Amino acid sequence: MSEDDTPIGPTGRPYRGFPTPPKLDGHGPARIISLCNQKGGVGKTTTTINLAASLASYGRRVLAVDFDPQGALSAGLGIQTHDIPTIYDLLLDGKRDPHEVIVRTRVEGLDVIPANIDLSAAEVHLVNEVAREQTLARALRRVAGEYDVILVDCQPSLGLLTVNALTASHGVLIPLECEFFALRGVAMLIETIDKVRDRLNPSIELDGVLATMYDARTLHSREVLERVVDAFGDDVLETVIGRTVKFPDASVSGMPITEFAPEHAAAQAYLRLARELVARGAVA
């Protein structure tokens, strides 16, 4: 196919196919990526679950960290979080072995550190800690050598937990709903990332802005995506995640969409996202 025949994707750029990632000779050390947006309901947890499963399907060892007191990531992967150690226990007890908290999922190559409502008390307990912003980084450092990528599903706020996630991370992925009000808070998030880079974690990078809940049939979705590309340019990923009822169906089943409906366009979009992040160098 010549360049002139390449279809134009939703972001207004040629819609390329990204190659299947090569197999890895070994695993680790992990690159830590936070999925972050202080607005709720933009697809952070859905993206964490399905990107993690997609990367695992390409032979990557993935650890997903549920860093939201709502525990939606854990629930979405079918993990019962009552009466088991969680990320909260790791944050409060620096001597606890992270391996005691890690749970294997039914997806080969994908492990989870779960969370539950206890995590909502963590900010209060961490306030008086020395180097409180680095508590998560210290915990993850002990297992980073065993994984290729660690994905942290942040809560929808810019509080101390999110700052902990950004301080621990090499990169940030911003899921952004294709809806006008979703755009408004992103400047504040970018400002927070800049502050963390300046004061706590000089190596943190923006790995990309991921457009989610896109509906090509509506002018509103198309206009918002156009504005996102105008604002962020090449930081906007070429892969765009469409709106579909299959996501809640998959969550109820406790499965990633790549296993629940592998042939569905949404599953293929997340596999493409995994390939794009490998092609961009965000994941090994």
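Refer to the preceding data block for the structure.
Rules used throughout
Residues numbered from 1 in each chain as written. Predicted model: local features only at pLDDT ≥ 70, side-chain atom pairs only at ≥ 80, totals over all residues. Heavy atoms only, no water. Salt bridge = Lys/Arg side-chain N within 4 Å of Asp/Glu carboxyl O. Helix = DSSP H or I, 4+ residues; strand = E, 2+ residues; numbered from the N terminus. Buried < 20%, exposed > 50% of the residue type's maximum accessible area, 1.4 Å probe, protein only. Pairing = 2+ DSSP bridges. Contact = heavy atoms within 4.5 Å. Disulfide = S-S within 2.5 Å. Axes fitted to C-alpha atoms, helices over the stretch in contact; angles between N-to-C directions. Parallel < 35°, antiparallel > 145°, perpendicular 65-115°, else oblique. Nonpolar A, V, L, I, M, F, W, Y, C, P; charged D, E, K, R; others polar. Lys, Arg positive; Asp, Glu negative; His and termini not counted. Polar contact = N/O pair within 3.5 Å; in protein donor to acceptor, adjacent residues only side chain to side chain. Expected span 1.5 Å × (residues − 1). Arc of directions from axis to C-beta.

Visitor: Explanation requested: the pattern of salt bridges in the structure shown.
Guide: Side chains that differ in charge, positive against negative, can pair when their charged atoms come close. Applying the stated criterion across every chain, the model contains 13 salt bridges. When the shortest N-O distance is used, the salt bridge between lysine 195 and glutamate 191 registers 3.8 Å. Taken together, the residues lysine 195 and glutamate 191, both in helix H8 (residues 186-199) and 4 residues apart, mark about one turn of the helix. For arginine 217, the salt bridge is made with aspartate 215, and the minimal N-O distance between the two is 3.0 Å. One salt-bridge network, held together by shared partners, links Arg31, Glu205 and Asp207.

Visitor: Any chance you could explain the pairing of strand E1 (residues 31-35) here in plain terms?
Guide: The element E1 is largely enclosed, with a buried count of 5 among its 5 residues. Across the two faces of E1 the burial is the same, with Arg31, Ile33 and Leu35 and Ile32 and Ser34 all buried. Here 5 bridges tie E1 to strand E5 (residues 149-154), and the two strands are oriented parallel to one another. Across the sheet, the residue bridging to isoleucine 33 is leucine 151, located in E5.

Visitor: Sorry, what's going on with the environment of phenylalanine 18 here?
Guide: With respect to the element layout, phenylalanine 18 can be found in the segment before E1. Each C-alpha atom, one on phenylalanine 18 and one on aspartate 118, is 41 Å from the other, the two residues being 100 residues apart in sequence. If we skip the residues at most four places from it in the chain, phenylalanine 18 touches Glu238, Arg272, Arg275, Glu276 and Ala279.

Visitor: I would appreciate a short explanation of unusual backbone geometry in the present structure.
Guide: For residues other than glycine, phi is negative in most cases, and the peptide bonds are mostly trans. A cis amide bond links glycine 28 to the next residue, proline 29, at an omega of -10°. Mapped onto the elements, proline 29 comes out in the segment before E1. Phi angles above zero are rare outside glycine, and aspartate 83 is one such case at about 60°. Within the element layout of this structure, aspartate 83 appears in the loop between helix H2 (72-76) and helix H3 (87-92). Judged by relative accessible area, aspartate 83 falls into the exposed class, the value being 84%.

Visitor: Can you help me understand the state of the cysteines in this one?
Guide: Each disulfide consists of one covalent bond between the sulfur atoms belonging to two cysteines. Tallied over the entire structure, the rule returns 0 disulfides. Cysteine cysteine 36 shares no disulfide, and the gap to the nearest cysteine sulfur, in cysteine 154, comes to 4.5 Å. When its relative accessible area of 0% is taken as the criterion, cysteine 36 is described as buried. The structure places no disulfide on cysteine 178, whose sulfur is separated from the nearest cysteine sulfur, that of cysteine 36, by 18 Å. In this structure cysteine 178 comes out as buried when scored by relative accessible area, which is 5%.

Visitor: Looking at this structure, I do not really get the pairing of strand E4 (residues 110-113). What am I missing?
Guide: Here is the key point about a regular strand: its side chains alternate between the two faces of the sheet. Where burial is concerned, the two faces of E4 agree: the one with Leu110 and Val112 and the one with Asp111 and Ile113 are both buried. Taken together, the 4 bridges between strand E2 (residues 62-67) and E4 define a ladder with parallel strand orientation. Note that in E4 the partner of leucine 63 across the bridge is aspartate 111. For strand E3 (residues 103-104) and E4, the ladder comprises 2 bridges, and the chain directions are antiparallel. Looking at E4, one finds that arginine 104 is bridged to aspartate 111. As consecutive antiparallel partners, E3 and E4 are separated by 5 residues, and within that stretch glycine 109 has a phi angle of approximately 90°, a positive value.

Visitor: Looking at this structure, I do not really get the packing of helix H1 (residues 44-57) against helix H12 (residues 265-280). What am I missing?
Guide: Two measures define how a pair of helices packs: the angle their axes make with one another and the distance between the axes. The interhelical angle for the contact between H1 and H12, taken along N-to-C directions, is 70°, at an axis separation of 8 Å. Overall, the two elements H1 and H12 adopt an arrangement that is roughly perpendicular. In this structure, H1 contributes Thr46, Thr47, Asn50, Leu51, Ser54, Leu55 and Ser57 to the contact, and H12 contributes Tyr270, Leu271, Leu273, Ala274, Leu277 and Val278. In terms of residue class, the contact of H1 with H12 is built from 8 nonpolar, 5 polar and no charged.

Visitor: Sorry if this is basic, but what is going on with the side chain of arginine 275 here?
Guide: Within the secondary structure, arginine 275 sits in helix H12. Put simply, arginine 275 is tucked away with no salt bridge, and the nearest opposite charge, on glutamate 276, sits 9.0 Å away. A distance of 2.9 Å separates a polar side-chain atom of arginine 275 from the backbone oxygen of phenylalanine 18.

Visitor: Teacher, can you tell me more about H8 here?
Guide: In an α-helix there are 3.6 residues to a turn, and that puts residues three or four apart on one side. Look at H8: 20 Å from first C-alpha to last across 14 residues, which is about the 20 Å you get at 1.5 Å a residue. Within H8 the residues assigned to the buried category are Val186, Leu189, Thr192, Ile193 and Val196. Along H8, the residues classed as buried sweep out an arc of 115° about the axis, all on the same side. Across H8 from its buried face, at more than 90 degrees, point the exposed residues Ala187, Asp198 and Arg199.

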